[in-house]
Amino acid sequence: MSSTSTFSEHPQLYTLNPDALNNTKRAQTDVLFYNRVPKTGSVQMINLLNKLGKIHDFEVNVDQQNGGIRALLEDDEIENTIDNIGNLDEGTVFVSHVNFLNFTEYDEQRPIYMNMVRDPVERVISWYYYIRAPWIFVPKRLQRNKPMPNPKWANTEYDQCVLNKDKVCTYIEGSGFERTGDHRRQTLFFCGHNEHKCMPFNTRLPLELAKRTVEKEYAVVGTWEDTNVTLSVFENYIPRYFMGASKLYYMDLYANHKNDNPMKPHISEEIKNMVRRNFTREIEFYQFCRQRLHKQYFALKKNQLVELEMEEQKNKLSFLNKALLKLN
């Protein structure tokens, strides 16, 4: 959306109010809860938070989840996790690969919620190669005394997996948990822990529940695919933890991106488009989060953007007037 046409073509942007779009004020305790979605750049975000914590005097508590990622918890596990987070000191960031936790349902004070999202198809491709990287699967299998995987599993490229219709690369609408470990459901991390409602893949109910949760509960859901916008919104909507984030990121972290996978090859748009046909509602959720992020950004910047647009219009008129004078 260019600044030239933003406000003239979308007059509703004039009415955006940062205060109305910021859920930080709804938090009842100064604890930042980051229920990180896998393969959305969370390692990079944790590195940024650790550096910001040294500046702004806050602790970053990362759940090691030694038993592996279990986003969907049983009732007693939900209660224990909420109790543990509720007992943290104020001025703490708690980070865990876990679905949205509703603190008010358990009579605990609501924290500040944040998260990151990523294009759903890029995300499953990233996960596909991540778990097949030898520096990932070899240590984990040795640690758990498990045999090494079939070489075919480790060496099959994603495009071939899709074309062969292998189970791990077959995305069936309405399907339950496949136990293939691909984390295809980004909506799940915002929907909650009700398996019946949240698990059916790429269906309407999980999408709507996830959207409602983001709108109602989350201060910011960003994406590294819109880095500048994301950092600006974090800085302004959660300043206690993110003041100065943009400057610090570009000074120190931008050139040292962590968790890149050199084994991941280029995947053709043809293959991606084949997969996208089965990710329609996951893509809709991702676009919803990005649109909300941009609304938050425009609410902050609307006065500057209006001035810029007026200046551009003035320059256009000046150019037209000079052209008409030459013609006369």
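Residues numbered from 1 in each chain as written. Predicted model: local features only at pLDDT ≥ 70, side-chain atom pairs only at ≥ 80, totals over all residues. Heavy atoms only, no water.

1. What to know about the state of the cysteines
What the rule picks out here adds up to 2 disulfides. Between the sulfur of cysteine 161 and that of cysteine 169 lies a disulfide, 2.0 Å long from S to S. Since a negative S-S torsion denotes a left-handed disulfide, the cysteine 161-cysteine 169 link at about 105 degrees is right-handed. The same class applies to cysteine 161 and to cysteine 169, which are both buried. Here cysteine 191 engages in a disulfide with cysteine 198; their sulfurs sit 2.0 Å apart. Because the torsion about its S-S bond is -75 degrees, the bridge between cysteine 191 and cysteine 198 counts as left-handed. (Disulfide = S-S within 2.5 Å. Buried < 20%, exposed > 50% of the residue type's maximum accessible area, 1.4 Å probe, protein only.)

2. Focus: the pattern of salt bridges
It is possible for side chains bearing opposite charge to pair when their charged atoms get close. Summed over all chains, the structure comprises 14 salt bridges. Residue arginine 276 pairs with glutamate 269 through a salt bridge whose shortest N-O separation is 3.2 Å. Look at arginine 276 and you get partly exposed, because its relative accessible area is 21%. Overlapping salt bridges, with partners in common, bring together Glu122, Glu269, Lys272 and Arg276 in one network. (Salt bridge = Lys/Arg side-chain N within 4 Å of Asp/Glu carboxyl O.)

3. Focus: the sheet that holds strand β5 (residues 218–222)
Taken together, 5 strands build an open sheet; the order of strands is β2-β3-β1-β4-β5 and the sheet is parallel. Looking at the sheet topology across the chains shown, the edges are occupied by β2 (59–62) and β5. Here the strands of the sheet are splayed against their neighbours by 20 degrees on average, with no regard to which way each runs. Alignment of strand β4 (residues 112–116) against β5, held across 4 bridges, turns out to be parallel. Bridged to asparagine 115 within β5 is valine 221. On top of the sheet, helix α2 (residues 42–56) reaches β1 (31–34), β2, β3 (92–95) and β4; it is set at about 165 degrees to β1, its chief contact. (Pairing = 2+ DSSP bridges. Helix = DSSP H or I, 4+ residues; strand = E, 2+ residues; numbered from the N terminus. Axes fitted to C-alpha atoms, helices over the stretch in contact; angles between N-to-C directions. Contact = heavy atoms within 4.5 Å.)

4. Points about the side chain of aspartate 119
The topology assignment puts aspartate 119 in the loop between β4 and α4 (120–130). Notably, aspartate 119 is buried but unbridged: the nearest opposite-charge side chain belongs to arginine 276, and the N-O separation is 4.6 Å. A distance of 3.0 Å separates the side chain of aspartate 119 from the backbone nitrogen of glutamate 122, its partner in a polar contact. With residues near it in sequence (within four places) discarded, aspartate 119 still touches Glu225 and Tyr286. (Lys, Arg positive; Asp, Glu negative; His and termini not counted. Polar contact = N/O pair within 3.5 Å; in protein donor to acceptor, adjacent residues only side chain to side chain.)

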